[in-house]
Amino acid sequence: QVQLVESGGGLVQPGGSLRLSCVASGFTFRVYSMSWYRQAPGKGRELVARISTPGGTTIYSDSVKGRFTISRDDAKNTVYLQMNSLKPEDTAVYYCKRTIDNLWGQGTQVTVSS
């Protein structure tokens, strides 16, 4: 079965860190660029970060640049999003996506609040 499964979300205080994981199955993960998106309450879904293959070139939205890091482990069919210095405005449901088409995970909630 072709699918993406995210994990690692939760409640964290401002300034804290979280690492999201997205495990892929059912397709040849290493040949696909992967992306992380997020959707805050009442807002549209926005691109957070993307990692290409091969070579692992990355891009980030301006709002997370310098705080978030996307990476991948092709041996584990997993893409990660390390989130540091979290802010309340980072609160959203985070989704991973196979960049080239409409394959999405189910999402994981991240809440940044004191």
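It should be noted that the structure appears before, not after, this text.
Residues numbered from 1 in each chain as written. Predicted model: local features only at pLDDT ≥ 70, side-chain atom pairs only at ≥ 80, totals over all residues. Heavy atoms only, no water.

(A) Focus on the sheet that holds strand E1 (residues 3-7). Taken together, four strands build an open sheet; the order of strands is E1-E3-E8-E7 and the sheet is antiparallel. Both outer strands of the open sheet, E1 and strand E7 (68-73), are each paired with one neighbouring strand and no more. Averaged over all neighbouring strand pairs, the angle between strand axes comes to 15°, with direction disregarded. (Pairing = 2+ DSSP bridges. Helix = DSSP H or I, 4+ residues; strand = E, 2+ residues; numbered from the N terminus. Axes fitted to C-alpha atoms, helices over the stretch in contact; angles between N-to-C directions.)

(B) Representation of the sheet that holds strand E5 (residues 45-51). Pairing in this open sheet of six strands is mixed, and the strands run E2-E10-E9-E4-E5-E6 from one edge to the other. Since the sheet does not close on itself, it has two edges, and those belong to strand E2 (10-12) and strand E6 (58-60), each with one partner. Across the sheet, the mean angle from the axis of one strand to that of its neighbour is 25°, orientation sign disregarded. Alignment of strand E4 (residues 34-39) against strand E9 (residues 92-98), held across six bridges, turns out to be antiparallel. Paired with Tyr 37 across the bridge in E9 is Tyr 95.

(C) Expanded view of the pairing of E5. Pairing of E4 with E5, which is carried by six bridges, proceeds in the antiparallel orientation. By the bridge assignment for E5, Arg 38 is matched with Glu 46. Between E4 and E5, which follow one another and run antiparallel, lie five residues, and Gly 42 among them has a positive phi close to 75°. Hairpin remark: E5 followed by E6, antiparallel, with six residues in the connecting loop; positive phi at Gly 55, about 100°.

(D) Structural detail: the packing of aromatic side chains. Summed over the entire model, instances satisfying the criterion amount to three aromatic pairs. Seen in terms of ring centroids, Tyr 37 and Trp 104 are 5.0 Å apart; in terms of plane orientation they differ by 65°. Their pairing is edge-to-face. Here Tyr 37, found in strand E4, pairs with Trp 104, found in the loop between E9 and strand E10 (108-112); they are 67 residues apart in sequence, far enough to count as distant. On the numbers, 6.1 Å between centres and 90° between planes, the contact of Tyr 95 with Trp 104 is edge-to-face. Since its relative accessible area comes to 12%, Tyr 95 is described here as buried. Members of the aromatic cluster, joined through ring pairs, are Tyr 37, Tyr 95 and Trp 104. Note that Arg 72 overlies the ring of Phe 29, its terminal NZ or CZ placed 4.5 Å from the centroid. It is Arg 98 that lies over the ring of Tyr 32; its NZ or CZ is 4.6 Å from the centre. (Phe/Tyr/Trp six-rings, centres within 6.5 Å; stacked < 30°, edge-to-face > 60°. Buried < 20%, exposed > 50% of the residue type's maximum accessible area, 1.4 Å probe, protein only. Lys NZ or Arg CZ within 6 Å of the ring centre and 35° of its normal.)

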